Amino acid sequence: MTVAVETGVWQLDPTATTVALSHRTFWGLVAVKGTFAAVAGRGEVGPDGSATGTVTLDVASLDTKNAKRDTHLRSADFFDADHHPEITFAVRGAEPRGNDTAHVDGRLTVRGISRPQSLTARVTAATADALTLETEFTVDRAEFGMGWNQLGMIRGLTTVTATLRFTRAAA
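Computed from a predicted structure; not experimentally measured.

Definitions and limits used
- Residues numbered from 1 in each chain as written.
- Predicted model: local features only at pLDDT ≥ 70, side-chain atom pairs only at ≥ 80, totals over all residues.
- Heavy atoms only, no water.
- Helix = DSSP H or I, 4+ residues; strand = E, 2+ residues; numbered from the N terminus.
- Buried < 20%, exposed > 50% of the residue type's maximum accessible area, 1.4 Å probe, protein only.
- Polar contact = N/O pair within 3.5 Å; in protein donor to acceptor, adjacent residues only side chain to side chain.
- Phe/Tyr/Trp six-rings, centres within 6.5 Å; stacked < 30°, edge-to-face > 60°.
- Salt bridge = Lys/Arg side-chain N within 4 Å of Asp/Glu carboxyl O.

(A) Main features of the side chain of T132. Looking at where T132 falls in the secondary structure, it is placed in strand β10 (residues 130-139). You can call T132 buried: its relative accessible area is 9%. A polar contact of 2.8 Å, which involves the side chain of T132, links it to the side chain of R165.

(B) Expanded view of the packing of aromatic side chains. Within this structure, the stated rule accounts for 1 aromatic pair. Arranged with centres 6.5 Å apart and planes meeting at 80°, the rings of F36 and F79 form a pair that is edge-to-face. Of this pair, F36 sits in strand β3 (residues 30-36) while F79 sits in the loop between α1 (67-74) and β7 (86-98), and the two are 43 residues apart along the sequence. The pair F36 / F79 is uniform in exposure class, with both members buried.

(C) Examining the pattern of salt bridges more closely. One pass over the structure, following the stated rule, counts 4 salt bridges. We note a salt bridge from R122 to E134, for which the minimum N-O separation is 2.9 Å. One end of the pair, R122, is in strand β9 (residues 113-126); the other, E134, is in strand β10, with 12 residues separating them in the sequence. With relative accessibility at 40%, the residue R122 sits in the partly exposed group.

Right under this line is the structure:
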């Protein structure tokens, strides 16, 4: 099945969107998982099939189901939410690859540090008025100034998983 995405402006539906992270800690023995409750975004698909857009996460909305850990993750040791309240992913372009997937190039900004980030997005549902994308990719937190690692407990990459639901924006 090949899905044709309608041209125009698309608004992220935060009620049908999930952005989560997972990172193995305690020397790889325990997976810490969390979700961002506040997500915003919009995108535009051009007549030539090009796509641009931005997804923004409110750092203070990260919930790992442990208040003490969440407070620490918001601190300067990790996300530094007081100085950098948002994480953004700005899509620079998307290239269809078949099988309802697209290669997406963009810039991920965390703690005020921007790095190129490529990922594969899969269209899981599409109508003239709604579009759902899924993706999973990894991030090296050290590239964004998050080097805190007491006793070497935190190693490896953080996995980001997202289900993004967009609806056609009113003209």
